[in-house]
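The chain contents come next:
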Amino acid sequence: MIKVIAVKRVREDKLQEVLRLTKEMVEKTVKEEGCISYEAYQDIKDPGKITMVEAWESQEDLDKHMNSDHFKRLVPLMADFSEGDSEVSILKRLF
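1. Focus on the pattern of salt bridges
1) Next: Here the structure, examined in full by the defined rule, presents five salt bridges.
2) Next: Measuring nitrogen to oxygen at the nearest pair gives 2.2 Å for the salt bridge that ties Asp 46 to Arg 9. Of this pair, Asp 46 sits in the loop between strand S2 (35-42) and strand S3 (49-56) while Arg 9 sits in strand S1 (residues 2-10); the two residues are 37 residues apart in sequence, bridging distant segments of the chain.
3) Next: When its relative accessible area of 24% is taken as the criterion, Asp 46 is described as partly exposed.
4) Next: The closest approach of N and O atoms between Glu 17 and Arg 20, which form a salt bridge, is 2.7 Å. Note that Glu 17 and Arg 20 are positioned in helix H1 (residues 15-29) at a spacing of three residues, about one turn of the helix.
5) Next: The class for Arg 20 is partly exposed, based on a relative accessible area of 46%.

2. A few points about helix H3 (residues 69-80)
1) Next: Taking 1.5 Å of rise per residue, twelve residues should cover 16 Å, and H3 covers 18 Å from first to last C-alpha, within 8% of that figure.
2) Next: All of the buried residues along H3 are His 70, Leu 74 and Met 78. In an axial view of H3, the angular spread of the buried residues amounts to 35°, which keeps them on one side of the axis. Of the residues in H3, the exposed ones pointing more than 90 degrees away from the buried face are Asp 69, Lys 72 and Asp 80.
3) Next: Next to the buried residues of H3 lie S1, H1, helix H2 (59-66) and strand S4 (82-92).

3. A closer look at the environment of Tyr 38
1) Next: Examined against the element boundaries, Tyr 38 turns out to sit in strand S2.
2) Next: For Tyr 38, a relative accessible area of 6% gives the class buried.

4. Focus: the nonpolar core
1) Next: Ranked by internal contacts, the top residues of the largest apolar core, which has 18 residues, are Tyr 38, Trp 56 and Met 78.
2) Next: At the level of elements, S1, H1, S2, S3 and H3 are the ones that each hand at least two residues to this core.
3) Next: Per-element tally for this core: the top contributor is H1, with five residues.
4) Next: If near-sequence neighbours (up to four positions away) are discounted, Tyr 38 is found in contact with Met 25, Val 26, Thr 29, Val 30, Met 52, Val 53, Glu 54, Trp 56 and His 65.

About the cut-offs
Residues numbered from 1 in each chain as written. Predicted model: local features only at pLDDT ≥ 70, side-chain atom pairs only at ≥ 80, totals over all residues. Heavy atoms only, no water. Salt bridge = Lys/Arg side-chain N within 4 Å of Asp/Glu carboxyl O. Helix = DSSP H or I, 4+ residues; strand = E, 2+ residues; numbered from the N terminus. Buried < 20%, exposed > 50% of the residue type's maximum accessible area, 1.4 Å probe, protein only. Expected span 1.5 Å × (residues − 1). Arc of directions from axis to C-beta. Contact = heavy atoms within 4.5 Å. Core = buried A, V, L, I, M, F, W, Y, C linked by side-chain atoms within 4.5 Å.

Quick look at the structure:
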């Protein structure tokens, strides 16, 4: 199993737009083969901090996701509304 944790900071004036795009990403991604879970979280103390927590059956499934039409369309749009670089960790389970 592969886990992904992606954290991004969203510009305050674009938060609602990013939330709409994020919802679309979740709705499309959970239907993908190999997706175990795909969830979006908003920091309680810092609403502009959005964290995606994903679980994939394999690296190959994650690679397919990152090459999907919706990923290629939505991620650049969300990046346009973000501040700074996103922090992405791709993790494999040890135990």
